[in-house]
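Coordinates in review
Each chain is listed here by its residues.
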Amino acid sequence: MAKQNNTEKQYLFDNPKNIKRLLYIVYACCILLVLLDFVIHRHVYHSWESLFGFYAIYGFIGCVVLVLIAKWMRTFLMRDEDYYDRMELKQHKSPGQTSEKELDDNAGGKHVD
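A few points on the structure. (Residues numbered from 1 in each chain as written. Predicted model: local features only at pLDDT ≥ 70, side-chain atom pairs only at ≥ 80, totals over all residues. Heavy atoms only, no water.)

1. A word on the side chain of Asn-18
- With respect to the helices and strands, the residue Asn-18 is situated in helix H1 (residues 16-39).
- A relative accessible area of 16% means that Asn-18 is categorised as buried.
- Within the local environment of Asn-18, its side chain forms a polar contact with the side chain of Arg-21, the two groups lying 3.2 Å apart. (Helix = DSSP H or I, 4+ residues; strand = E, 2+ residues; numbered from the N terminus. Buried < 20%, exposed > 50% of the residue type's maximum accessible area, 1.4 Å probe, protein only. Polar contact = N/O pair within 3.5 Å; in protein donor to acceptor, adjacent residues only side chain to side chain.)

2. Some remarks on the state of the cysteines
- For the structure shown, the criterion picks out zero disulfides.
- Looking at Cys-29, it has no disulfide partner, and the nearest cysteine sulfur is the one in Cys-30, 7.0 Å off.
- On the accessibility criterion, Cys-29 (42% relative accessible area) is partly exposed. (Disulfide = S-S within 2.5 Å.)

3. Details of the packing of aromatic side chains
- This model, assessed by the stated rule, comprises four aromatic pairs.
- With a centroid separation of 5.1 Å and an interplanar angle of 75°, the aromatic rings of Phe-54 and Tyr-55 are classed as edge-to-face.
- Classification of Phe-54 by relative accessible area gives buried; the value is 16%.
- Judged by centre distance (5.7 Å) and plane angle (20°), the rings of Phe-54 and Tyr-58 are stacked. Of the two residues, Phe-54 and Tyr-58 are both situated in helix H2 (residues 54-77); the distance of four residues between them amounts to about one turn of the helix.
- In this structure an aromatic cluster arises from ring pairing among Phe-54, Tyr-55 and Tyr-58. (Phe/Tyr/Trp six-rings, centres within 6.5 Å; stacked < 30°, edge-to-face > 60°.)

4. Focus: the layout of surface pockets
- Considering only enclosed or pocket space, the largest pocket measures out at about 150 Å³ in volume.
- At the level of elements, H1 and H2 are the ones that each hand at least two residues to the lining of the largest pocket.
- With four residues, H1 is the largest single contributor of residues to the lining of the largest pocket.
- Split into classes, the residues belonging to the lining of the largest pocket amount to seven nonpolar, one polar and two charged. (1 Å grid on protein atoms, 1.4 Å probe; cavity = no way out; pocket = protein on both sides within 12 Å on 5 of 7 lines; lining within 4 Å. Points joined across faces, edges and corners; volume = space filled by probe spheres on them. Nonpolar A, V, L, I, M, F, W, Y, C, P; charged D, E, K, R; others polar.)

5. Digging into a nonpolar patch on the surface
- Together, Ile-57, Phe-60, Ile-61, Val-64, Val-65, Leu-68, Ile-69, Trp-72, Met-73, Phe-76 and Leu-77 give the surface a local cluster of nonpolar side chains, amounting to about 1100 Å² of exposed area.
- By relative accessible area, Phe-76 is classed as partly exposed at 48%. (Patch = residues over 30% accessible without salt bridge, like charges linked within 9 Å, V, L, I, M, F, W, Y side chains within 5 Å. Areas by Shrake-Rupley, 256 points an atom, 1.4 Å probe, with all protein chains shown as cover. Salt bridge = Lys/Arg side-chain N within 4 Å of Asp/Glu carboxyl O.)

6. Digging into the pattern of salt bridges
- Overall, the coordinates contain one salt bridge when judged by the stated rule.
- A salt bridge links Asp-37 to Arg-42; its shortest N-O distance comes to 2.9 Å.
- With relative accessibility at 17%, the residue Asp-37 sits in the buried group.
- By relative accessible area, which is 23% here, Arg-42 ends up partly exposed.

Next up, the structure:
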């Protein structure tokens with residue numbers, strides 16, 4: 001068999017080794033920042049800011065809270081899968097296409113504007 005030429009461009013993060021290297025760099029930065037907590041003197045306003053690793057814990061809890069809020073907001077902000085298709089069909093209706101009422105009946109009567 002003839003050898004196939006791979007003409008598709010190889011990007012930096014297509015290689016799993018590069019992803020592992022990047023993760024090791026991020027982990028090393030995180031460890032370094034936590035270790036610097038022993039050395040750096042902070043001028044704190046509240047007593048809990050002087051706890052070891054306070055800002056790392058605070059940042060982690062903040063990220064978790066943001067993800068949970070986003071999942072909760074998704075329940076009422078999410079649109080139907082064919083939301084934009086219905087809007088386009090409403091604007092550009094041809095004689096052979098289904099009517100808006102038929103589209104609403106197929107979608108279970110969910111009409112969100």
